[in-house]
Amino acid sequence: MTSTPLSRSEAKDLTRRRLIRAAFAILDEEGEAGLTTVKVSKAAGIAQSSFYVHFKDRQELLRALGEQAGERLRGAMREARRRAREAPDDEALDDRERHREAFRIPLEAICRHPALFRLGLRTRHDPSSPLQEFAVETAAAYRAHLVADLASFGFPTERESDRRRLEMIADGIGALTNAMAIGHIDGRYPDLEEAVDVLVAFSYGYLGLLRKDSSAWSGNPPSAPFDGPPVDVCPEPGGSSKNGNL
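Residues numbered from 1 in each chain as written. Predicted model: local features only at pLDDT ≥ 70, side-chain atom pairs only at ≥ 80, totals over all residues. Heavy atoms only, no water.

Explain the overall build of the protein here, please?
Helix and strand content of the protein: nine helices and two strands. Walking the protein from its N terminus toward its C terminus, one meets helices and strands in the order α-α-α-α-α-α-α-α-α-β-β. Within the protein, the fraction of its 246 residues that count as buried is 40%. Long-range pairs, those at least 24 residues apart, make up 64% of the contacts in the protein between residues at least 6 apart in sequence. Carbon and sulfur atoms form 50% of the exposed surface of the protein, whose accessible area is close to 13,800 Å². (Helix = DSSP H or I, 4+ residues; strand = E, 2+ residues; numbered from the N terminus. Buried < 20%, exposed > 50% of the residue type's maximum accessible area, 1.4 Å probe, protein only. Contact = heavy atoms within 4.5 Å. Areas by Shrake-Rupley, 256 points an atom, 1.4 Å probe, with all protein chains shown as cover.)

What follows is the structure in structure tokens.
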């Protein structure tokens, strides 16, 4: 049985995807310093001259890595919201678990490619970097994801002040997410679910402030699930734990 030969465009697309996969692997294993056109070409199994058919230089390759990683993250967040929205009532995630997923998904995506994450942090405010656009778009996507998630729990977005307040909370949670991700990547916070616990607890604190600020509401603030941290965040000796407010 013979396979159908690839067209020229299909072969070109396949080679480009091989180069990107090889680049991600090298970046994850060796960091930015190890990402050279020679190494990427060799790992992809192509001649170095063929590299330049697909990418003008290393900078353009980095931009492609950022675009793909950003799209994966945005796609994962969209899929999580779709599952929660379309799941049958008897299978739907409860509000607390949906809230946890809002943090778990970005953390998992960040930790999948730690070197790219560090690059994004460093280049977010560097206009000369090929990764600036990726870093800015990723931060914006995470902010929008959190705002949508919070709004789905009943927090208002009708007024500009409502939206601004939720965006401020999302930016604060985003900064904390980055800190938790760095701690996990560095090995200080080995349990990713524990990092999710902390993010949830902090977010409950932010949202508690919103509930107390009557000027932020056009109607009655939602009750559940924001009555307090839903997870055990104060471990006691011997492995047991107790609920506590941060």
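There is more to say, and it comes next.
Explanation requested: the packing of aromatic side chains in the structure shown.
Two numbers describe a pair of aromatic rings. These are the distance of the centres and the angle of the planes. Tallying each qualifying case throughout the model produces two aromatic pairs. Look at Phe51 and Tyr52: their rings are 5.2 Å apart centre to centre, the planes differ by 80°, and that puts the pair in the edge-to-face class. For Tyr52, a relative accessible area of 42% puts it in the partly exposed group. Ring geometry for Phe51 against Phe55: centres 5.6 Å apart, planes inclined by 40°, an arrangement best described as tilted. For Phe51, a relative accessible area of 0% corresponds to the buried category. According to the relative accessible area criterion, Phe55 is buried, its value standing at 1%. One aromatic cluster is present, formed by Phe51, Tyr52 and Phe55 through successive ring pairs. One residue, Arg188, lies across the ring of Tyr189, its end atom 4.9 Å from the ring centre. (Phe/Tyr/Trp six-rings, centres within 6.5 Å; stacked < 30°, edge-to-face > 60°. Lys NZ or Arg CZ within 6 Å of the ring centre and 35° of its normal.)

Is there a simple way to explain the nonpolar core in this structure?
For soluble globular proteins, the rule of thumb is that nonpolar side chains tend to be buried together. Counting residues in each nonpolar core, the largest one holds 29 residues, and the members touching the most others are Phe103, Leu107, Leu146, Ile173 and Leu199. Breaking this core down by element, the ones donating at least two residues are helix H4 (58-86), helix H5 (95-112), helix H7 (132-152), helix H8 (160-185) and helix H9 (192-212). Once residues lying within four places of it in the same chain are set aside, the contact partners of Leu199 are Phe103, Leu107, Ile173, Leu176, Thr177 and Met180. (Core = buried A, V, L, I, M, F, W, Y, C linked by side-chain atoms within 4.5 Å.)

Where do I start with the layout of surface pockets in this structure?
Unfilled space is identified by rolling a water-sized probe across the atoms. Roughly 510 Å³ of internal volume is contained in the largest pocket. Residue assignment for the lining of the largest pocket shows that the elements contributing at least two residues are H4, H5, helix H6 (114-123), H7 and H8. (1 Å grid on protein atoms, 1.4 Å probe; cavity = no way out; pocket = protein on both sides within 12 Å on 5 of 7 lines; lining within 4 Å. Points joined across faces, edges and corners; volume = space filled by probe spheres on them.)

What is the right way to look at the side chain of Arg100 in this model?
Along the polypeptide, Arg100 turns up in helix H5. Reaching out from Arg100, the side chain makes a polar contact with the side chain of Asp197 at a distance of 2.6 Å. (Polar contact = N/O pair within 3.5 Å; in protein donor to acceptor, adjacent residues only side chain to side chain.)

Looking at this structure, I do not really get the side chain of Thr138. What am I missing?
As for its position among the elements, Thr138 is in helix H7. Thr138 has contacts with Gly70, Leu73 and Arg74, leaving out every residue within four places of it along the chain.

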